[in-house]
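What the coordinates show
Listed below are the residues making up each chain.
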Amino acid sequence: MQGVGTIAAALLASVALPAAALAQAVPADTAPKLDEIVVTAQKRSENLQNVPISIQVLGTKKLDQLDVANFNDFSKFLPSVTFQSVQPGETTVYIRGVASGGDGNHSGPLPSVGVYLDEQPVTTIGGTLDIHIYDIARIEALAGPQGTLYGASSEAGTIRIITNKPEIGVLSGAIDGEVNTVAHGEVGGKLESFLNLPVNDHIAARIVGWYQRNAGFIDNVPGTRTFLPASDGTQIVKNNRAYVASNYNDVNIVGGRAALKIDLDDRWTVEPTVFGQSEINHGSFGFDPLVGDLEVQHFAPEYYRDRFVQAALTVTGKVGSLDLTYAGAYLDRVVHSSADYTDYAEQYDSLYAGAGGIAQYFYFTDNAGHHIDPSQRIVGADHFTKLSQELRIATPAANRIRFVGGLFYQLQTRLIHQDYQVPGLADNLSVNGHPGTLWLTQQDRTDRDYAVFGEASWDILPTVTLTGGGRVFKYDNSLIGFFGFGRDPNGPPYNAAGSSRTGVAGCYTADGSLVRDGTGAAELPAAVPGGPCTNLADYVNGRLVPKDANDVGTTYKFNATWKIDPDHLVYGTISRGFRPGGINRRAGLEPYASDFLQNYEIGFKTSWLNRALKINGAFFWQEWEKFQFAFLGANSFTEIHNGPNARIRGIEADVNWTIVPGLTLVGAGTYTDAVTRRNLCGFDDPNPACTTPSPQGVANFIAAPAGTRLPVTPQIKLNGTLRYEAALADQLKGHVQGVVVYASSASSDIRTAALTPPVPSSPDGAEVFYNPAAGLGRLRAYTTFDFAAGLNWPFLSAEIVIENAFDTRAELSRYQECGSCFQRPYVVVNMPRTIGLRLGHSF
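Residues numbered from 1 in each chain as written. Predicted model: local features only at pLDDT ≥ 70, side-chain atom pairs only at ≥ 80, totals over all residues. Heavy atoms only, no water.

Regarding the overall build of the chain
- Assigned secondary structure in the chain consists of seven helices and 44 strands.
- For the chain, the spread of C-alpha atoms along the principal axes amounts to about 90 × 60 × 55 Å.
- Within the chain, buried positions represent 59% of all 843 residues.
- In the chain, once contacts between residues fewer than 6 apart in sequence are set aside, the share between residues at least 24 apart is 70%.
- Roughly 32000 Å² of accessible area belongs to the chain as shown, and the carbon and sulfur atoms make up 59% of that amount.
- Side chains of the chain carry 64 positive and 83 negative charges; the gap between the two charge centres is 5 Å. (Helix = DSSP H or I, 4+ residues; strand = E, 2+ residues; numbered from the N terminus. Buried < 20%, exposed > 50% of the residue type's maximum accessible area, 1.4 Å probe, protein only. Contact = heavy atoms within 4.5 Å. Areas by Shrake-Rupley, 256 points an atom, 1.4 Å probe, with all protein chains shown as cover. Lys, Arg positive; Asp, Glu negative; His and termini not counted. Charge placed at Lys NZ, Arg CZ, Asp CG, Glu CD.)

Overview of the packing of aromatic side chains
- Tallying each qualifying case throughout the model produces 25 aromatic pairs.
- Here the aromatic rings of Tyr344 and Tyr348 are separated by 4.4 Å at their centres, their planes lie at 25°, and the arrangement is stacked. In this pair, Tyr344 and Tyr348 both sit in helix H5 (residues 342–351), four residues apart, roughly one turn of the helix. When sorted by exposure, Tyr344 lands in the same class as Tyr348, which is buried.
- Aromatic pair Tyr409 and Tyr450: ring centres 5.3 Å apart, planes at 45°, arrangement tilted. Separated by 41 residues along the polypeptide, Tyr409 in strand E23 (residues 401–421) and Tyr450 in strand E24 (residues 437–461) bring together distant segments of the chain.
- Note on Tyr409: relative accessible area 23%, which makes it partly exposed. (Phe/Tyr/Trp six-rings, centres within 6.5 Å; stacked < 30°, edge-to-face > 60°.)

Topic: the environment of Pro714
- Structurally, Pro714 can be placed in the loop between strand E37 (702–704) and strand E38 (716–729).
- Measuring from C-alpha to C-alpha, the distance between Pro714 and Ser745 comes to 5.5 Å, with 31 residues separating the pair along the chain.
- Once you skip the residues sitting within four places of it in the chain, Pro714 turns out to touch Thr82, Thr672, Ala743, Ser744, Ser745 and Ala746.

With respect to a nonpolar patch on the surface
- A grouping of Val179, Val187, Ile800, Ile835, Leu837 and Leu839 is seen on the molecular surface, where their side chains present a nonpolar patch of about 510 Å² in accessible area.
- Of all the elements, strand E44 (residues 834–842) adds the most residues to the nonpolar patch, at three residues.
- By secondary structure assignment, the location of Val187 is in strand E11 (residues 187–198).
- Residue Val187 is classed as partly exposed on the basis of its relative accessible area of 48%. (Patch = residues over 30% accessible without salt bridge, like charges linked within 9 Å, V, L, I, M, F, W, Y side chains within 5 Å. Salt bridge = Lys/Arg side-chain N within 4 Å of Asp/Glu carboxyl O.)

Digging into the state of the cysteines
- Inspection of every chain in the model, using the stated rule, returns three disulfides.
- Between the sulfur atoms of Cys507 and its disulfide partner Cys533 the distance amounts to 2.0 Å. Torsion about the S-S bond of the Cys507 and Cys533 cystine: about 65°, corresponding to right-handed handedness. Residue Cys507 is located in the loop between strand E25 (464–484) and strand E26 (538–540), and its partner Cys533 is located in the loop between E25 and E26; the two are separated by 26 residues in the primary sequence. For the residue pair Cys507 and Cys533, the accessibility class agrees, reading buried in each case.
- The residue that forms a disulfide with Cys818 is Cys821, at a sulfur-sulfur distance of 1.9 Å. Between Cys818 and Cys821, the S-S torsion sits near 90°, and that sign places the bridge as right-handed. Each of the two residues, Cys818 as well as Cys821, counts as buried. (Disulfide = S-S within 2.5 Å.)

And the structure:
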């Protein structure tokens, strides 16, 4: 705990010493006051300083001042929040270091952080919605388990995006625009507008729209890949001439929101909302350091088209003295994508060099038997749906004993289509019915959650409150479909990979046997349309049913709060969060179990200098039990296992200080120390020494020894904003602002053991890789600076912004294209230096 104490002392001293000095210099009755911030983190409207939760808030004014437009923008200012990302729309969020890495795959585990849009959860399997931030009332980041009130995907915390609601009797609106230029890139910008329209004395509408173009800054430069020759001397040399482009990773976003507020009477209100967005990304958002700074060499079309629509309904009212709330929503999301996968062929050509490379080890030929380019392109088409419903009641907030509780139901589906294409591949070497497809994933995933929850608070004294809550949950998650290669009944070879077991070979037949068993029984039809057959299912009484994982359990929260006086509060919390288990999409692997997070926390909320200075913070200690760990195994196929326990401890603090009228300092920081409790084994092993071999007889090994730091999350993350505003003339104000963000380095993978395994003898063999953490490389520490200066009239504003002023490469994430493609790690970075002009008009 020495490290925690040191950081804690530094954080507290950095705010306490200046505060003490100012306390002597500024009389209490003349010190400027900070605005009160109201949050709804506990399903009630409350002053932030009275909420005994570690919560960081960015309000409307702050979001505008910081030029926040998306998740990457606002996460910089939430130091407890980290993430992994391949590109916008494919982002996995973590809070307080609860990260094992690799969770973002389309068949990966559910997120450990819940994301809400207003009252409705929008957390999806495989990535957080990249919601455009405009006309937003506030963003709340709740650290620590929030499972009592927020459910299964809030194991480590919850992020809530709260929109501005229609205002009855008020006509108002705004239009805001920005044009910017990106260093090493091109021109981008955005146009945003909202209109609040009163319909009558009981109804109002609010319509919001936006368009944003993020300039590209990564170049796809000319390059070739040369593969080892075939036995007949044919040698494939591939070039990317058709796809060479500058600044090719641009993003185009268009979307809107329409909301109604209908006061049925003075007790009941109905609020329907429709929110929709279309995002089109081109290119790669990770650059290849082997090629050059902000450069790649890719050989196929690359795009990501993400479209979603959510219809939501919130009804609030009173039944006697009770507040009743219904919140329901239906989300429909469709993603079409294409990604280059040439690195796979490049690496396997090297791995199998001793056998003559891909050309001699595999069977990449066309219908005429000629050798062809073995490189692949992944074409995806995923369809998500999410239905959520919550009904809750709350007693009056002024009661000495008060209660919030209710019922929750959620149904998520995901139709997964991943087509690994090799142009010109022979029909008999392709997936059956899919010419040119080497590998196909065609699966249907369903996740159901049911819960009863409640939380009660009792003011045992005017200044002391005890709170206890619980959630009884049930989850039922299932998966069915097809994965793998095709099978030529006249083989071998059965397919281009020479696999005799994976794919159609493992499909079920009418008598329950598998195709590879050779009983002669007819194949059962595909359970998921688009697949050749079904190899991921359970055979029950002559029919195929989805593989299923389900469980029932409880989580809890206990809190004691002492409000020393109106400006000083301390609290202690013990809480427990969970994340549901699920099905591995590789047939033969056991389902993975739920993991749990036990949280112990002591926090404080304080105001000083006549409330001109606010200092909040928390110390936390968390035990993460049998954490879910996802990685790319054999055939670069996602596997999910339960790892060992982990211990996470740290401190988080934030300060908000109006030093003198017009001059404010806002800062926040987190120190996180997260390590494994015991060895992480290469294969599931009850023996912590990792000595039990796999079922296939492969020797086990220690992938990460006890004491290994959990990946992704930096130990230290800090941010600070200094802003000065002053009147320059009648009805004219000016401002200047500076922002600094710092993050220490972090590992990009938990697996740190140095391994020297043999090359697998077949595509179906278990693959063990050389030190993945070293292969990917560490996420380097970084410091970035943003500056802004502007003028404000009553209805007009103008501002010049410089973001990432010194053109720093902040490494946000690292990844590779396949499980063994460590020869080319990709680095996802922030936007290079961006200079923009913002103009706004409001009425």
